[in-house]
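What follows is the residue order along each chain.
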Amino acid sequence: MDGLLIFDKEQGITSHDLVYKVRRKLGIKKVGHTGTLDPMATGVLVISIGKATKTSEYIISSDKEYEARIKLGVLTDSYDITGEILKEEKVTFTQDEIINALKHFTGKMTQKPPIYSALKVKGKKLYEYAREGKEVEIKKRNIEIYKNELLKFNGSDEVLIRVKVSKGTYIRSLANDIGEFLGTYGTLTELRRTRTGDFKIEDSIKISSFQEMSLDEIKEKILPMDMALSNFKKIEIDRSFCKEFLNGQFYKVKDSLENEDYRVYCDNLFLGIGEIRYIDNEAYLKMKKKLIGDL
């Protein structure tokens, strides 16, 4: 069984909890998730099964879209409402001030990840330093916020926003940064991931529904693994050369192609990920990641 399942993760469970539930239900060890969601967060979590686990890195690196609720005037050690409140003050803002702040946090920028995160520094997770009370230098990372729009505003100190972001963006840090820009604090109180790459919340299933499904019903929900690579260009190879190609031989390409990864098919059967190599100014396709068994 190979492919992808889109879940709507509920609040209170970890991404690893969901992986465990899928493993137990399907009786398959090779199951992975494609981007951690904090226990307080809900929404799209793509689970990879079997050979599809080899595509997880491509889903993890895709853009994400969220709906996030932010409470202004509150600072916690984790930048979200599950953390310890460190500072709190009464604030009131206008809608124009909020919209201006959101515009400021749009485009390419650098962001400092929160100390309570699984990001590793010197081989150790940041939250481990935090729990031990140790200071550690956290370097800013390059991110991009493609969309940052206001959905709801209570007229004073609470906003609901929709953001589309690049890989590595922490919405908790964004909440904190928005607060700082407004001259106060900001804490994330709700987070819902509505999209990961091409996988949308509308196509997801709840874990409770999944656990009640029969194996045949689950198979109908499993998506083909090449959907994880929809941003790769497609290339077909001759049927007569399929086995040789899967065994590592180079396939000569007629047209000049860019040095990038491709989705490789033979008679519309997905084989895996191929890469272009140039030898004596001639283009050849080589298997980079095999995602099918023997033909």
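Parameters at a glance
- Residues numbered from 1 in each chain as written.
- Predicted model: local features only at pLDDT ≥ 70, side-chain atom pairs only at ≥ 80, totals over all residues.
- Heavy atoms only, no water.
- Helix = DSSP H or I, 4+ residues; strand = E, 2+ residues; numbered from the N terminus.
- Buried < 20%, exposed > 50% of the residue type's maximum accessible area, 1.4 Å probe, protein only.
- Expected span 1.5 Å × (residues − 1).
- Arc of directions from axis to C-beta.
- Contact = heavy atoms within 4.5 Å.
- Domains from an automatic or database assignment.
- Buried area = accessible area lost by both parts, 1.4 Å probe.

A.B. asks: Please explain the environment of Ser208 as it appears in this structure.
C.D. replies: Tracing the chain through its elements places Ser208 in helix α6 (residues 207-212). Assessed through its relative accessible area of 42%, Ser208 is described here as partly exposed. Between the C-alpha atom of Ser208 and that of Glu10, which follows or precedes it by 198 residues, the distance is 9.6 Å.

A.B. asks: Before we go on, may I ask you to explain helix α1 (residues 15-26) in this structure?
C.D. replies: Note that an α-helix has 3.6 residues per turn; residues three or four places apart therefore point the same way. Taking 1.5 Å of rise per residue, twelve residues should cover 16 Å, and α1 covers 17 Å from first to last C-alpha, within 8% of that figure. Taken together, the buried positions of α1 are occupied by Ser15, Leu18, Val19, Val22 and Leu26. Projected onto a plane normal to the axis of α1, the buried residues spread over an arc of 100° and lie on a single side. Residues His16 and Arg24 are exposed on α1 and point more than 90 degrees away from its buried face. Close packing links the buried residues of α1 with β1 (3-9), β2 (31-33), β3 (42-49), α6 and α7 (215-221). Just past α1, the residue Gly27 takes up positive phi, approximately 70°.

A.B. asks: Please explain the environment of Val44 as it appears in this structure.
C.D. replies: Here Val44 lies in strand β3. Each C-alpha atom of the pair Val44 and Tyr185 lies 28 Å from the other, and the pair is 141 residues apart in sequence. The contact partners of Val44, leaving out residues within four places of it in the chain, are Ile6, Phe7, Leu37, Arg193, Thr194, Arg195, Thr196, Phe199, Lys200 and Ile201.

A.B. asks: Is there a simple way to explain the domain arrangement of the protein in this structure?
C.D. replies: A common way to report how large an interface is uses the accessible area buried once the components associate. Its domain assignment divides the protein into domain 1 (3-62 + 198-228), domain 2 (64-196) and domain 3 (232-290). Here the C-alpha centroids of domain 1 and domain 3 sit 29 Å apart. Taken together, the contacts link five residues of domain 1 with eight residues of domain 3. Interface area lost by domain 1 to domain 3 is led by Lys54, Tyr58 and Asp226, which between them contribute 81%.

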